[in-house]
Amino acid sequence: EAGVAQSPRYKIIEKRQSVAFWCNPISGHATLYWYQQILGQGPKLLIQFQNNGVVDDSQLPKDRFSAERLKGVDSTLKIQPAKLEDSAVYLCASERGGEAFFGQGTRLTVV
Amino acid sequence: AQSVTQLGSHVSVSEGALVLLRCNYSSSVPPYLFWYVQYPNQGLQLLLKYTTGATLVKGINGFEAEFKKSETSFHLTKPSAHMSDAAEYFCAVTVGGSQGNLIFGKGTKLSVKP
């Protein structure tokens, strides 16, 4: 069974630019999460989807971050405009049967 | 509100020695508790979890953890460390429902000396 796929693996952008990350969850997993992991900290939930609906986006900075999951499968997370403090690893996870499976993440560096 | 505190950002043990990584939680409702491991440049992998029932939980790679409600703890142990155990370990809590909607601790980096 293929795991959670994320792309790109690495991205470097200048502040005020925009960036998008892509996630393909494990087939059949209805629940999808995006986490932000800043260096030296544990991951922090940004948004949770159930199929193509948002369940929890209470910690998503909505002035600059947006996410969608069209058709209830793939998901994209966008940042516009990026700030220096957005430098982090962005992890996608999908869940089934009470276990969350994480992708390798996208490491974003904002300079 | 739920929270997790991991005591010790770095732990170093010798190969073959006991591994003990500490985790304390705060929750106003019965918690579900998790330990995840993260190898460099990798995603997180579930080691074990406690939901209900037996308080001593066994996981992969010889790890186990004991839920102690009176101490609000969920410490991770392994009797004998192996070089391959070197990684970062995260304790996490959720209040049930979606077991991927997690609050993580800051992590403990485990080093294993030969």
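Note that this is a predicted model, so its numbers are computed, not measured.

The rules behind each value
Residues numbered from 1 in each chain as written. Chains lettered and ligands numbered in written order. Predicted model: local features only at pLDDT ≥ 70, side-chain atom pairs only at ≥ 80, totals over all residues. Heavy atoms only, no water. Core = buried A, V, L, I, M, F, W, Y, C linked by side-chain atoms within 4.5 Å. Buried < 20%, exposed > 50% of the residue type's maximum accessible area, 1.4 Å probe, protein only. Helix = DSSP H or I, 4+ residues; strand = E, 2+ residues; numbered from the N terminus. Phe/Tyr/Trp six-rings, centres within 6.5 Å; stacked < 30°, edge-to-face > 60°. Lys, Arg positive; Asp, Glu negative; His and termini not counted. Salt bridge = Lys/Arg side-chain N within 4 Å of Asp/Glu carboxyl O. Polar contact = N/O pair within 3.5 Å; in protein donor to acceptor, adjacent residues only side chain to side chain. Contact = heavy atoms within 4.5 Å. Disulfide = S-S within 2.5 Å.

Judged by nonpolar contacts, the single largest core of 26 residues is most densely connected at W35, L47, L48, F74, L76 and Y89 of chain B. Breaking this core down by element, the ones donating at least two residues are β2 (10-14), β3 (19-26), β4 (32-38), β5 (44-50), β7 (64-68), β8 (73-78), β9 (87-94) and β11 (108-113) of chain B. Core analysis: the second largest hydrophobic core is formed by 21 residues, I13, F65, A88 and Y90 of chain A among them.

One pass over the structure, following the stated rule, counts 13 aromatic pairs over all chains. Centre to centre, the rings of F102 of chain A and F104 of chain B are 6.4 Å apart; their planes meet at 75°, and the pair counts as edge-to-face. Of this pair, F102 of chain A sits in strand β10 (residues 99-102) while F104 of chain B sits in strand β10 (residues 103-104), which puts the two residues in different chains. Overall, the relative accessible area of 10% leaves F102 of chain A in the buried class. Aromatic rings pair up to connect Y33, Y35 and F102 of chain A together with F34, Y36, F90 and F104 of chain B into one cluster.

With respect to the helices and strands, E95 of chain A occurs in strand β9 (residues 88-96). Within the buried core, E95 of chain A has no salt-bridge partner, and the shortest N-O distance to an opposite charge, that of K49 of chain B, equals 7.3 Å. From its side chain, E95 of chain A meets the backbone nitrogen of Q99 of chain B in a polar contact 3.2 Å long. Among the polar contacts made by the side chain of E95 of chain A, one reaches the main-chain amide nitrogen of G100 of chain B at a distance of 3.2 Å. Aside from chain neighbours lying at most four places away, what touches E95 of chain A is H29, A30, T31, Y33 and A100 of chain A together with S98, Q99 and G100 of chain B.

Before going further, it helps to examine the state of the cysteines. One way to say it: the disulfide is the covalent bond shared by the sulfur atoms of two cysteines. All names here are of chain A. What the rule picks out here adds up to 2 disulfides over all chains. Residue C23 pairs covalently with C92 via a disulfide, S to S 1.9 Å. Torsion about the S-S bond of the C23 and C92 cystine: about -70°, corresponding to left-handed handedness. Taken as a pair, C23 in strand β3 (residues 19-24) and C92 in strand β9 lie far apart in primary sequence, 69 residues in all. In this structure, C23 and C92 share a single accessibility class: buried.

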